[in-house]
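Observations on the model geometry
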Amino acid sequence: MDLHDFDVNDLYFESPPQARVLGLIEQAAEAYGEGEAEPFLLEAQQLAPENLMVHVALYRFYYYQHRYADALTIAEGAIDLSGRMFGYRGHWRQMNLDILAHGMIQSFSMVRFYLLALKGSGYLQMRMGEIESGIERLEKVRELDTADRLNVAMLLEVAYNRMGIYSLSQRMSA
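This section reports on the structure supplied with the text. Sequence order sets the numbering: in each chain, residues are counted from 1 along the sequence as written. Since the coordinates come from a predicted model, pLDDT governs what is reported: local features require at least 70, and pairs of side-chain atoms require 80 or more to be given and counted, while whole-chain, interface and lining totals use all residues. Where side-chain values are given, they derive from all heavy atoms of the structure, hydrogens and water being excluded.

This part is about the overall build of the protein chain. When helices and strands are tallied, the protein chain shows ten helices and zero strands. Beginning at the N terminus, the succession of helices and strands in the protein chain can be written as α-α-α-α-α-α-α-α-α-α. Per-residue accessibility, obtained with a 1.4 Å probe over protein chains only, is compared with the maximum for each type, and a residue is labelled buried under 20%, exposed over 50%, and partly exposed between these values. Taking all 174 residues of the protein chain together, the buried fraction comes to 45%. Pairs of residues are marked as contacts when any of their non-hydrogen atoms sit within 4.5 Å. Considering only intrachain contacts with a sequence separation of at least 6, the fraction spanning at least 24 residues in the protein chain is 59%. In this description, accessible areas are obtained by the Shrake-Rupley approach with a 1.4 Å probe, and a residue is regarded as covered only by the protein chains that are shown. Counting only carbon and sulfur atoms, one obtains 51% of the accessible surface of the protein chain, whose full area is about 9000 Å². Runs of E in the DSSP output that reach at least two residues are strands. Runs of H or I that reach at least four are helices, and both are numbered from the N terminus.

Set out below in structure tokens:
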């Protein structure tokens, strides 16, 4: 999953969380095996609701617990937050290449994070059986990532196959 691709040391250098928040995330990691991680992560979220490291930690926790609806809520929050961090306050459906280009001037890493969070949310929807909603998000990423650097075409192929459409060309002509 794409939100797993981030090295937190590289991504959050602009706004590292407070030591208390980092400590809570570390406590959550230590408590994961005993099933006691969530309270630490929720406290970290309460202390730093605008920190993407906290969003990623919660997303990972929910994803690995197969709590996809909770992970989707976190991914959607991360989409909104990362969009605001590069100056975009609109809905992902209204995102276009011009807005994206302007955002890349502000923060390339936040634009990348935004697209990966959108891709991740589409993937989660597919995991929850919401194939058409997942495809809509993945197609938006494909529209914005014309070189397919984020490898969304592969996920779209899987989704199209599940819908009985066996290739991108069939989908585009449908």
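By the secondary structure assignment, Ser121 is in helix 7 (residues 108-127). Taking relative accessible area as the criterion, Ser121 reaches 0% and is therefore assigned buried. Here Arg137 takes part through its side chain, which lies 2.8 Å from a polar atom of the side chain of Ser121. Apart from the residues lying within four places of it in its own chain, the contact partners of Ser121 are Leu72, Ala75, Ile79 and Arg137. Each polar contact in these results corresponds to two N or O atoms within 3.5 Å; when the atoms are within protein, one needs to be able to donate a hydrogen and the other to accept it, and residues that are neighboring in sequence are counted only if both atoms are side-chain atoms.

Time to look at the packing of aromatic side chains. The criterion for an aromatic pair is that two Phe, Tyr or Trp rings (for Trp, the six-membered ring) have centres within 6.5 Å, with stacked assigned to planes under 30 degrees apart, edge-to-face to planes over 60 apart and tilted to the rest. All told, the structure shown has eight aromatic pairs when counted by the stated rule. The structure contains a cluster of three or more aromatic residues connected by ring pairs, namely Tyr59, Tyr63, Tyr64, Tyr68 and Tyr123.

Here we come to helix 4 (residues 52-64). By this rule, a helix spans an expected 1.5 Å times one less than how many residues it contains. Compared with the 18 Å implied by 1.5 Å per residue over 13 residues, the 18 Å span of helix 4 between its first and last C-alpha is a close match. Burial analysis of helix 4 places eleven of its 13 residues in the buried class, the great majority of the element. Considered for burial, the residues of helix 4 that qualify are Leu52, Met53, Val54, His55, Val56, Ala57, Leu58, Tyr59, Phe61, Tyr62 and Tyr63. Two or three places before Met53, at the opening of helix 4, Asn51 has a side-chain oxygen 2.8 Å from that residue's backbone nitrogen.

With that out of the way, let us pick up the environment of Arg112. On the secondary structure map, Arg112 appears in helix 7. Sequence separation of Arg112 and Leu100 is twelve residues, and the distance between their C-alpha atoms is 9.7 Å.

Among the residues of helix 9 (residues 152-162), those classed as buried are Val152, Ala153, Leu155, Leu156, Ala159 and Tyr160. In a view along the axis of helix 9, the buried residues occupy a sector of 155°, so they form one face of it. Opposite the buried face of helix 9, by more than 90 degrees, sit the exposed residues Met154 and Arg162. Here the arc refers to the directions that run from the helix axis out to each C-beta atom.

Time to look at the packing of helix 6 (residues 97-106) against helix 7. Axis lines are fitted to C-alpha atoms, over the contacting stretch for helices. Their N-to-C directions set the angle, which ranges from 0 to 180 degrees. Interhelical geometry of helix 6 versus helix 7 gives an angle of 135° and a closest axis separation of 6 Å. As the angle between them shows, helix 6 and helix 7 are arranged oblique. Taking contact as the criterion, the partners of Leu100, Gly103, Met104 and Gln106 in helix 6 are, on helix 7, Phe108, Val111 and Leu115. Gly falls in the polar group here, along with every residue not listed as nonpolar (Ala, Val, Leu, Ile, Met, Phe, Trp, Tyr, Cys, Pro) or charged (Asp, Glu, Lys, Arg). Within the contact of helix 6 with helix 7, the residues separate by chemical class into five nonpolar, two polar and no charged. Each angle receives one of four descriptions, namely roughly parallel if under 35 degrees, roughly antiparallel if over 145, roughly perpendicular if within 65 to 115, and oblique otherwise.

It is worth spelling out the pattern of salt bridges at this point. Salt bridges are identified by distance alone: a Lys or Arg side-chain nitrogen within 4 Å of an Asp or Glu carboxyl oxygen. Under the criterion given, the structure shown has seven salt bridges. The shortest N-O distance in the salt bridge between Arg67 and Glu38 comes to 3.0 Å. Of this pair, Arg67 sits in the loop between helix 4 and helix 5 (68-85) while Glu38 sits in helix 3 (residues 38-47), and the two are 29 residues apart along the sequence. Glu50 is paired through a salt bridge with Arg84; the nearest N and O atoms lie 3.1 Å apart. Separated by 34 residues along the polypeptide, Glu50 in the loop between helix 3 and helix 4 and Arg84 in helix 5 bring together distant segments of the chain. Among the residues examined, Arg84 registers a relative accessible area of 34% and is labelled partly exposed. Via salt bridges that share partners, Glu38, Arg67 and Asp70 belong to a single interconnected network.

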